[in-house]
There are 2 protein chains.
Amino acid sequence: MTEALPVTDSPDLETTHTSDDTFQLREIQLAFRNRGIPAEGLRLPITPTGMHYLLNHFDIPYVDAAAWKLTIGGRVGTPLSLDLDDLRRRPAVTFPVTFECAGNGRVFAKPRPVNQPWLHGAVSTAEWTGTPLGPILEEAGLADSAREVLFTGLDRGIQFDVDQYYQRSLTVAEAMRDEVILAYEMNGAPLEPQHGFPLRLVVPGWYGMTNVKWLDRIEVIDEAFDGVQMQFYRETSGPEDVGAPVETMKVRALMAPPGIVDFPSLQRRVEAGSVTLVGRAWAGRSQVARVEVSTDDGASWHDAVLDDPIGPYAWRGWRYEWHATQGEHMLCTRATDSEGNVQPPEPVWSYYGVGNNGMARQPVIVV
Amino acid sequence: MTEALPVTDSPDLETTHTSDDTFQLREIQLAFRNRGIPAEGLRLPITPTGMHYLLNHFDIPYVDAAAWKLTIGGRVGTPLSLDLDDLRRRPAVTFPVTFECAGNGRVFAKPRPVNQPWLHGAVSTAEWTGTPLGPILEEAGLADSAREVLFTGLDRGIQFDVDQYYQRSLTVAEAMRDEVILAYEMNGAPLEPQHGFPLRLVVPGWYGMTNVKWLDRIEVIDEAFDGVQMQFYRETSGPEDVGAPVETMKVRALMAPPGIVDFPSLQRRVEAGSVTLVGRAWAGRSQVARVEVSTDDGASWHDAVLDDPIGPYAWRGWRYEWHATQGEHMLCTRATDSEGNVQPPEPVWSYYGVGNNGMARQPVIVV
């Protein structure tokens, strides 16, 4: 059982943060409950479904699609109830969307929150197919008092001591954007259970927690929703600090590491000579304007060449020709977005470990 | 980058074992490089592709199927070269096969090898489609000197300081068994890259390392192959001890934990009353004869009811009706195979942390 605790283990569940370089069993359990993309997966523009990162707060619910219905209610003129066939009969769109967990990079800023111990693998890009949400809300008819749209999944669990179904909200303006869809296919196939079967919200540009899985109901509300999942996904200095919500993804670049790996040390060995370094970069709703590469731990930087975009909501490939000389090298990448935002060289700390787009480093040994 | 090391990290790569209850960053990196099945995935008889556990020693190679060919050579009368169409034109079989990593449960026996830190999630069952290997070997014509069949993948890396392509062998007798297939489909679709696209060996009943991915060549040899992957997958007392190879899967039962989970503590809360405990059990090439459940940490045991088998090479479902009373309970399961082998109550230690089928425990709080 992935969550099974050995009898010898008695984790201090009161510990919320640690400066230790070592990890608790709990963090290993969380790492296995969820999944990162293997770094070499960054070589592919579209992530295969089984390679896509995964972050579920609660257990995966198993949904009987035949009995399932999505309800749209609250501050609307005409409440709706739609089954999967109703949704499939509506206009469909397909496009690649990059998802990144807001906690990506969590372990690198100290003190480290004892939570899903993401390194840099909480990002992937899949082709999503669904029907736009806006026209459905227009059919239901938004009341004048409509302020936000609340999305509730069928995944139930406990967080902040609250027994809850996973819930997130969007402002009406965000929910009505053209690219916001209710998705029933991922990479050309029905959603797998762990990715939200039968239906999930997809909000391109936002961090992953926005894309509510296993959708059960959509409610138009006349106030700002302040549930647990709105409180957790904020950059704060502590539990008493309101801070600011994490919303659209910050600019970031990652590299598919060159050479071959040593198992289990994970040291990487690269043959001297010409090496093509490749990776992906993304910037939420902005564009990736520039990707730079350093092979000397940031002492000097060189522009990478950007691949053609694969879509307005997907990461962008990049490449850089490196003449690798023998010895140890620390490879780094940093991206700049179309607003002029540059990745910071060091990790960005926040109490819950969200919104850290600090630069990644990859040591290699050139032989 | 999944393998990226923070600058502050300097893992002691000489450390092969530890008795610490805490984990190194390296182990977190390994956990994310690979993947366990989420415990609730044990509710499903067939594991969705994206939920299937994954253990790759080296980087995932990306294979151009159009240029790919499988060669069959060595001690044969007629060397063969087959492309994917050749293989698809041959007789096809499909059946569910349970795979388990030989390292499943590695972290529970102390001192713990510093390696892929499996809890109990390194097991899954998929529907595999392929063509039997035996008739292909017969076509090639085994020489009288033929002793073993060596399988080489396209995944290259370093282990035991050896730069290698992943290689495992089987005796001729094992390789010729009817159920041994060359698989090109998993769950009705072409293999995803991380599962061995375009072709992998499937040897039902054996631990996962046997099912060589990204098959490049098959060579009939006249001696016993003793490569790195034959040395690593052995139950030994140390590097100097030859020990015994791990081959077919030992009997084991696991539970899909009841109730709901607290995030991120992973404590589980169950409502008092009637609770149906469910899970899966498997026994390599033997049959599952019995599954027992304890709700008091092994003080008393009760027989579970076995579901109908879904196939000769797949795990078997089980269920037990528990009347849950308020308080903390330690749930355990143990299985017995048709040879009379029973799971041991405590973890089984070996130097490389393989072959441990010790009983799993799941604490729950009943409210």
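Residues numbered from 1 in each chain as written. Chains lettered and ligands numbered in written order. Predicted model: local features only at pLDDT ≥ 70, side-chain atom pairs only at ≥ 80, totals over all residues. Heavy atoms only, no water.

1. Some points on the overall build of chain A
Quick reminder of the rule: Elements are defined by DSSP. Helices are runs of H or I of four residues or more, strands are runs of E of two residues or more, and each kind is numbered from the N terminus. Between the two quantities, the radius of gyration covers C-alpha atoms and the globule rule is 2.2 Å times the number of residues to the power 0.38. Here the term buried applies to any residue with accessible area under 20% of the maximum for its type, exposed to any over 50%, and partly exposed to those in between, with areas from a 1.4 Å probe on protein chains only. Using the Shrake-Rupley algorithm and a 1.4 Å probe, accessible areas are obtained, with residue cover drawn only from the displayed protein chains. The sign given to each residue is positive for Lys and Arg and negative for Asp and Glu; His and the chain ends receive no count. For charged residues, the charge sits on one atom: NZ in Lys, CZ in Arg, CG in Asp, CD in Glu.
Secondary structure summary: chain A contains five helices and 24 strands in total. The C-alpha atoms of chain A give a radius of gyration of 21 Å, which matches the 21 Å a tight globule of 367 residues would have. Taking the principal axes of its C-alpha atoms as reference, chain A extends roughly 70 × 50 × 35 Å. A buried classification covers 62% of the 367 residues belonging to chain A. Split by element, the accessible area of chain A, about 12900 Å² in all, is 49% carbon and sulfur. One way to put it: in chain A the 31 positive side-chain charges average out to a point 2 Å from where the 49 negative ones average out.

2. Digging into the sheet that holds strand 22 (residues 316–324) of chain A
Residues and elements named next belong to chain A. Our working rule: Any two strands with at least two DSSP-identified bridges between them are counted as paired.
Here four strands make up an open sheet; going across it, the order is 15-18-22-21 and the pairing antiparallel. Every interior strand has two partners, whereas the edge strands, strand 15 (252–256) and strand 21 (305–306), have only one. For strand 21 and strand 22, the ladder comprises two bridges, and the chain directions are antiparallel. Bridging from a neighbouring strand, valine 305 pairs with arginine 319 of strand 22.

3. Side note on the interface of chain A and chain B
Note the threshold: Contact between two residues is taken to exist if any of their heavy atoms lie within 4.5 Å; hydrogens are not considered. Nitrogen and oxygen atoms within 3.5 Å of one another constitute a polar contact, given that in protein one can donate a hydrogen and the other can accept it, and given that sequence-neighbouring residues count only through two side-chain atoms. Classification used: nonpolar for Ala, Val, Leu, Ile, Met, Phe, Trp, Tyr, Cys and Pro, charged for Asp, Glu, Lys and Arg, polar for all others including Gly.
Residue-level contacts link 80 residues of chain A with 79 residues of chain B. On inspection of chain A and its partner chain B, the count reaches 25 residue pairs in polar contact (both at pLDDT 80 or more). Every element with two or more residues in the side of chain A that touches chain B is listed here: helix 1 (25–33), strand 7 (148–159), strand 15, strand 16 (260–261), strand 17 (268–270) and strand 24 (360–366) of chain A. For the side of chain A that touches chain B, the element with the most residues is helix 1 of chain A, which contributes nine residues. Grouping the amino acids of the side of chain A that touches chain B by side-chain chemistry returns 39 nonpolar, 23 polar and 18 charged.

4. Here's the deal with the domain arrangement of chain A
Residues and elements named next belong to chain A. Going by this rule: Domain start and stop points were drawn from an automatic or database domain assignment. Throughout, the accessible surface (probe 1.4 Å) given up by two parts as they are put together, summed over both, is called the buried area. Throughout this description, the term salt bridge denotes a Lys or Arg side-chain nitrogen within 4 Å of a carboxyl oxygen of Asp or Glu.
Taken domain by domain, chain A consists of domain 1 (13–245) and domain 2 (252–366). Measuring from the centre of the C-alpha atoms in domain 1 to the corresponding centre in domain 2 gives 26 Å. Opposite the 47 residues of domain 1 that make contact, domain 2 presents 28 residues. Between domain 1 and domain 2, the buried area comes to about 3300 Å², and carbon and sulfur atoms account for 59% of it. Taken together, the links from domain 1 to domain 2 amount to three salt bridges. Glutamate 179 is paired through a salt bridge with arginine 285; the nearest N and O atoms lie 4.0 Å apart. Contributing elements (two or more residues each) for the side of domain 1 that touches domain 2: strand 4 (93–100), strand 6 (123–132), helix 5 (228–232) and strand 13 (234–235). Among the elements that take part in the side of domain 1 that touches domain 2, strand 4 stands out by supplying five residues, more than any other. Of the residues belonging to the side of domain 1 that touches domain 2, the class tally is 22 nonpolar, 15 polar and ten charged.

5. Considering the nonpolar core
Put simply, the rule is: Nonpolar cores are built from buried Ala, Val, Leu, Ile, Met, Phe, Trp, Tyr and Cys residues. Side-chain atoms within 4.5 Å join them into one set.
Core analysis: the biggest nonpolar cluster contains 163 residues, and Trp128, Leu182 and Leu201 of chain A together with Trp128, Leu182 and Leu201 of chain B have the highest contact counts within it. Those residues within four positions of leucine 182 of chain A in sequence are excluded, and the remaining contacts are Leu70, Leu87, Thr129, Gly130, Thr131, Leu133, Ile136, Leu199, Arg200, Leu201, Leu215 and Ile218 of chain A.

6. Notes on helix 1 (residues 25–33) of chain B
Where burial is concerned, most of helix 1 of chain B is hidden: nine out of the nine residues are buried. Packing partners of the buried residues in helix 1 of chain B comprise helix 1 and strand 16 of chain A together with strand 5 (112–113) of chain B.

7. So, the side chain of aspartate 262 of chain B
Considering the arrangement of structural elements, one finds aspartate 262 of chain B in the loop between strand 16 (260–261) and strand 17 (268–270). Notably, aspartate 262 of chain B is buried but unbridged: the nearest opposite-charge side chain belongs to arginine 269 of chain B, and the N-O separation is 5.5 Å. Of note is the side chain of aspartate 262 of chain B, whose polar atom sits 2.8 Å from the side chain of serine 265 of chain B. Aspartate 262 of chain B has contacts with Ile158 and Gln159 of chain A together with Gln267 of chain B, leaving out every residue within four places of it along the chain.

8. Looking at the relation of the copies chain A and chain B
Just so we agree on the cut-off: The fit set for superposing copies consists of C-alpha atoms from residues with pLDDT of at least 70 in both; the fit itself is least squares.
With an RMSD of 0.0 Å, the fit of chain A onto chain B corresponds to turning through 180 degrees and sliding 0.0 Å along the axis. Here the transformation between the copies is reduced to the relation of a two-fold axis. Among all residues of chain A, the one whose C-alpha sits closest to the rotation axis is glycine 50 of chain A, at a distance of 1.7 Å. Take the interface residues of chain A: 99% of them recur as interface residues in chain B, which is what a same-surface contact looks like.

9. Side note on the pattern of salt bridges
Counted according to the given criterion, the structure contains 48 salt bridges over all chains. In this structure, the salt-bridge partner of arginine 252 of chain A is glutamate 100 of chain A, at a minimum N-O distance of 2.6 Å. Note that arginine 252 of chain A is positioned in strand 15 and glutamate 100 of chain A in strand 4, a separation of 152 residues in sequence. Of the two residues examined, arginine 252 of chain A and glutamate 100 of chain A, each falls in the buried class. The salt bridge involving arginine 156 of chain B is made with glutamate 271 of chain A; its shortest N-O contact spans 3.6 Å. Taken as a pair, arginine 156 of chain B in strand 7 (residues 148–159) and glutamate 271 of chain A in the loop between strand 17 and strand 18 (273–282) lie in two separate chains rather than in one.

10. Considering unusual backbone geometry
All names here are of chain A. A cis amide bond links phenylalanine 263 to the next residue, proline 264, at an omega of 5 degrees. Assignment of secondary structure puts proline 264 in the loop between strand 16 and strand 17. A positive phi angle, near 65 degrees, is found at leucine 266, a position not held by glycine. Here leucine 266 is to be found in the loop between strand 16 and strand 17. Taking relative accessible area as the criterion, leucine 266 reaches 6% and is therefore assigned buried.

11. Comments concerning the environment of leucine 133 of chain A
Residue and element names in this part refer to chain A. Note on placement: leucine 133 falls in helix 3 (residues 133–140). Residue leucine 133 is classed as buried on the basis of its relative accessible area of 0%. Taking C-alpha positions, leucine 133 is 30 Å from asparagine 341, a pair spaced 208 residues apart along the chain. With residues near it in sequence (within four places) discarded, leucine 133 still touches Phe151, Ala175, Val180, Ile181, Leu182, Leu201 and Ile218.

12. Some details on the environment of glutamine 164 of chain B
Residue and element names in this part refer to chain B. Along the chain, glutamine 164 falls in strand 8 (residues 162–171). Classification of glutamine 164 by relative accessible area gives buried; the value is 9%. Those residues in contact with glutamine 164 that sit more than four places away from it in its chain are Phe58, Asp155, Arg156, Gly157, Ile158, Gln159, Val228 and Gln229.

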